[in-house]
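Below are the chains, spelled out letter by letter.
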Amino acid sequence: MKTIILFAAGILLSLNTIAQTGLKSGVVAPEFSAMDNSGKKLDLQALLKKHKSVVLFFYRGQWCPYCNKHIQQLQDSLQVLTAKGAYVIGVTPETGENINKTIEKTHASFSIIQDKDYKIMKAYDVNYVMDADMVGKYKAHGVDLKKNNGNTDHVLPVPATYIINKSGKITYVQFDKDYRKRPSVAAIAKEL
């Protein structure tokens, strides 16, 4: 137990040195266009023409229990969010194969995008590069980012959630470098 606590403390210390701050509420959301896990082309502008809002969240990978818990909560309450006119999208650097593992674990039925070149993560200022020491610690605990993300640059997002309204403005932001902290579905639904 002591090792796990020390490992978690080390990760939090590493995350607290990240310069990213995420985008703020009130700014225009960066446009993006990408394919989701089912091969559907998603375009933010087009989605906002069809839906009242988009709930856009960033997650680290199928290996992260906090990510899986959050995704499961979103899935369990998806009808609540869609009834308020929201379209939910997850963004991750993990490979398609690992997105499928996320779906198996969480039963997520909403769109998930592999942000292979980190364009969306960079546009929303949530990307960071893990240092070699932290990559080694993750690997020692069974998390191989090279295998999970299909690359060697070790980029992950700070878990963040944005609500983007019909006019394209960000109306809600949850951005916390402590990867354990995620917004509740009730908090998201209240903002829709």
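Since this is a predicted model, take the numbers as computed values, not measurements. (Residues numbered from 1 in each chain as written. Predicted model: local features only at pLDDT ≥ 70, side-chain atom pairs only at ≥ 80, totals over all residues. Heavy atoms only, no water.)

## As for the sheet that holds strand β3 (residues 53–58)
Consideration 1: An order of β5-β4-β3-β8-β9 is seen for the 5 strands of this open sheet, with the pairing classed as mixed. Each of the sheet's edge strands pairs with one partner strand only, and the pair in question is β5 (111–114) and β9 (170–175). Sheet twist, expressed as the average angle between the axes of neighbouring strands with direction ignored, equals 15 degrees.
Consideration 2: Here strand β8 (residues 160–165) runs beside β9; their pairing, made up of 5 bridges, is antiparallel. The residue bridging I164 from the neighbouring strand is I170, located in β9.
Consideration 3: Strand contacts of helix α5 (residues 96–106): β4 (86–92) and β5, with the helix running at about 150 degrees to β5, the strand carrying the most contacts. (Pairing = 2+ DSSP bridges. Helix = DSSP H or I, 4+ residues; strand = E, 2+ residues; numbered from the N terminus. Axes fitted to C-alpha atoms, helices over the stretch in contact; angles between N-to-C directions. Contact = heavy atoms within 4.5 Å.)

## A word on the environment of E97
Consideration 1: Structurally, E97 can be placed in helix α5.
Consideration 2: Distance in space between the C-alpha atoms of E97 and G150 is 9.9 Å, their sequence separation being 53 residues.

## Digging into the pairing of β4
Consideration 1: Most of β4 sits out of view: 7 of its 7 residues are buried.
Consideration 2: Neither face of β4 is open: one carries A86, V88, G90 and T92, the other Y87, I89 and V91, and all of them are buried.
Consideration 3: The pairing of β3 with β4 spans 6 bridges and is classified as parallel. Paired with F58 across the two strands is V91, which belongs to β4.
Consideration 4: The pairing of β4 with β5 spans 4 bridges and is parallel. Looking at the pairing, I89 lines up with S111 of β5.
Consideration 5: A crossover connection joins β4 to the parallel β5 through α5; in handedness this β-α-β unit is right-handed. (Buried < 20%, exposed > 50% of the residue type's maximum accessible area, 1.4 Å probe, protein only. Right-handed = clockwise from strand over helix to strand, strands pointing away.)

## Here we look at helix α7 (residues 132–140)
Consideration 1: M134, V135 and Y138 are the residues of α7 that are buried. For α7, the angular spread of buried residues about the axis comes to 105 degrees, placing them on one side. Exposed side of α7, more than 90 degrees from the buried face: A132, D133, K139 and A140 are the residues found there.
Consideration 2: Residue D131 occupies the N-cap position of α7, its side-chain oxygen lying 3.2 Å from the main-chain nitrogen of D133.
Consideration 3: In the segment just after α7, G142 is the residue with positive phi, at about 90 degrees. (Arc of directions from axis to C-beta. Polar contact = N/O pair within 3.5 Å; in protein donor to acceptor, adjacent residues only side chain to side chain.)

## A closer look at the pairing of β8
Consideration 1: Judged by how many residues are buried, β8 sits mostly within the fold: 5 of 6 residues are covered.
Consideration 2: Strand direction decides the pairing type here: β3 and β8, joined by 6 bridges, are antiparallel. Looking across to β8, one finds that V54 is bridged to I164.
Consideration 3: The antiparallel hairpin formed by β8 and β9 contains 4 residues in its connecting segment, where G168 sits at a positive phi of about 90 degrees.

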